[in-house]
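Structure assessment
One-letter residues, chain by chain:
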Amino acid sequence: MMRKRFLPSLLVAAAMATASLCGATDIPHIQNSITMTTADNNITQKHADDVIVDIHTTMGDIRVRLYGDTPQHQANFVKLVNEGFYDGVLFHRVINDFMVQTGDPDSKEAPKGAMLGSGDPDYQLDAEFVYPRYFHKRGALAAARQGDQVNPEKKSSGSQFYIVTGKTYNDAQLDQMDRQRAMMQQKAIFDRLVGEQRDTIMALRRARDQAGLQALQDKLIEQTEAEAATLAPDTLTAQQREAYRTVGGTPHLDGAYTVFGEVVSGMEVVDRIQKAETDANDRPVDDIRITSMQIVDPQR
């Protein structure tokens, strides 16, 4: 049953892989190319090595917690705050019921209507996935990044980040997402196996050996199913499902972007930002700017 249900996706993946041998993504990323909730029980408990930062914007103040168990992202964010790196940057990408994105240094002096989203401090950070403990609930703070085709390791931008607003989902929608995640788990295995067979695939294509290609595809499907059977299902946890049912978020981003903090107050400001009128590139028509940031706890 798994083979019949999953085979069409594998056939599409095989056709794409033999043609280009690269993946694709339709989720938010940096050009070069991405609440706090009012319910206290949705806020992660503060740990001793967490850091609190105040983000002052032209629409109000947002307080965020940077998780201590994403130390590379935390340390980098603190460094940039202390350097004043974020002072003056715009919220350059705003999508209602999804997220608000900022951190592009090129946005500070950008004229109205200019395309933004490619700027960074000329370095990336290794992904720090603490998943499923940290996920894309409303208010999550996460690192933007380039897409999978050019960034298969899912490295984070050195400066760009986004705050999740998202929306709520019912049980039927979450069940469907679980099924999709299971299929994507298998597709990721299959795509990796295809990549390992690149030279063989290209040789078979050059020889126009359709029978050989079909036999190889069947073999890779069998290997995919065997490997997938050894893995735990990639499904949403009870905590994720509860959060997505009650306060909302963006579950399709889970496990793909580093979540390294969350909003602890000022989510109403984020909501005002996400409602801003935007142009065709999701940039607010009237600039919304970070004026400054401040490390609140611990003092550094």
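Heads up: the structure comes first, above all this text.
Residues numbered from 1 in each chain as written. Predicted model: local features only at pLDDT ≥ 70, side-chain atom pairs only at ≥ 80, totals over all residues. Heavy atoms only, no water.

**Considering the overall build of the protein**
Helices and strands together make up the secondary structure of the protein, namely seven helices and 10 strands. Put simply, the protein has 300 residues, and 48% of those count as buried. As displayed, the protein has an accessible area near 14200 Å², and 50% of this comes from carbon and sulfur atoms. (Helix = DSSP H or I, 4+ residues; strand = E, 2+ residues; numbered from the N terminus. Buried < 20%, exposed > 50% of the residue type's maximum accessible area, 1.4 Å probe, protein only. Areas by Shrake-Rupley, 256 points an atom, 1.4 Å probe, with all protein chains shown as cover.)

**A short note on helix H7 (residues 267-274)**
Those residues of H7 not exposed but buried are Met267, Val269, Val270, Ile273 and Gln274. The buried residues of H7 occupy an angular sector of 150° when the element is viewed end-on, so they sit on one face. In the core, the buried residues of H7 are packed alongside strand S1 (51-57), strand S2 (60-66), strand S3 (91-95), strand S4 (99-102), strand S8 (161-164) and strand S9 (259-265). (Arc of directions from axis to C-beta. Contact = heavy atoms within 4.5 Å.)

**Structural notes on unusual backbone geometry**
Along the chain, Tyr131 connects to Pro132 via a cis peptide bond; the corresponding omega equals 15°. Mapped onto the secondary structure, Pro132 falls in the loop between strand S5 (124-125) and strand S6 (140-143). The phi angle at Asp97 is positive, at roughly 60°, despite the residue not being glycine. Among the secondary structure elements, Asp97 is positioned in the loop between S3 and S4.

**Points about the nonpolar core**
Soluble, globular proteins show a tendency: their nonpolar side chains are buried together. Residues Val53, Leu66, Phe77, Tyr86, Phe161 and Met293 are the most contacted members of the largest nonpolar core, which totals 30 residues. Setting aside residues up to four positions removed in sequence, Phe77 forms contacts with Val53, Leu66, Tyr86, Phe161, Phe260 and Met293. With 13 residues, the next largest nonpolar core counts Phe98, Met99, Ala140 and Val164 among its residues. (Core = buried A, V, L, I, M, F, W, Y, C linked by side-chain atoms within 4.5 Å.)

**A look at the packing of helix H3 (residues 171-196) against helix H6 (residues 238-246)**
Contact geometry of H3 with H6 gives a least axis separation of 10 Å together with a crossing angle of 135°. By the angle between their directions, the pair H3 and H6 is classed as oblique. Crossing of H3 over H6 shows right-handed handedness. Contacts between H3 and H6 involve Asp171, Leu174, Asp175 and Asp178 from the first element and Arg241, Tyr244 and Arg245 from the second. Its residues assigned to classes, the contact of H3 with H6 comprises two nonpolar, no polar and five charged. (Axes fitted to C-alpha atoms, helices over the stretch in contact; angles between N-to-C directions. Parallel < 35°, antiparallel > 145°, perpendicular 65-115°, else oblique. Left-handed = near helix turned anticlockwise from the far one by under 90°. Nonpolar A, V, L, I, M, F, W, Y, C, P; charged D, E, K, R; others polar.)

**What to know about the packing of aromatic side chains**
Enumeration over the complete set of coordinates arrives at eight aromatic pairs. An angle of 35° between the planes, with centres 5.2 Å apart, marks the rings of Phe77 and Tyr86 as tilted. Looking at Phe77, the relative accessible area reads 2%, which means it is buried. Overall, the relative accessible area of 2% leaves Tyr86 in the buried class. (Phe/Tyr/Trp six-rings, centres within 6.5 Å; stacked < 30°, edge-to-face > 60°.)

**Section: the environment of Asp286**
Of note, Asp286 is situated in the loop between H7 and strand S10 (290-297). Sequence-wise, Asp286 and Gly113 are 173 residues apart; in three dimensions their C-alpha atoms are separated by 9.7 Å.

**Description of the pattern of salt bridges**
Evaluated as defined, the whole model comprises 22 salt bridges. Among the ionic pairs, Glu196 bridges to Arg192, the shortest N-O distance being 3.3 Å. One end of the pair is Glu196 and the other is Arg192, both in helix H3 and four residues apart, which spans about a single turn. Since its relative accessible area comes to 39%, Arg192 is described here as partly exposed. The network of salt bridges with shared partners includes Asp171, Asp175, Asp178, Arg241, Glu242 and Arg245. (Salt bridge = Lys/Arg side-chain N within 4 Å of Asp/Glu carboxyl O.)

**Observations concerning the environment of Leu204**
Residue placement: Leu204 occurs in helix H4 (residues 198-206). Taking relative accessible area as the criterion, Leu204 reaches 16% and is therefore assigned buried. Here the alpha-carbon distance between Leu204 and Leu216, two residues 12 residues apart in the chain, equals 9.6 Å. Residue contacts for Leu204: discarding those within four places in its chain leaves Asp209, Gly212, Leu213 and Leu216.

**Focus: the sheet that holds S3**
Within a sheet, each strand pairs with its neighbour through backbone hydrogen bonds, oriented either parallel or antiparallel. The strand order across the open sheet formed by eight strands is S3-S4-S8-S6-S9-S2-S1-S10, and the pairing between neighbours is antiparallel. Taken across any chain shown, the strands that pair with only one partner, and hence form the sheet edges, are S3 and S10. Across the sheet, the axes of successive neighbouring strands diverge by a mean angle of 25°, strand direction being ignored. Where S4 meets S8, four bridges bridge the pair, whose relative direction is antiparallel. (Pairing = 2+ DSSP bridges.)

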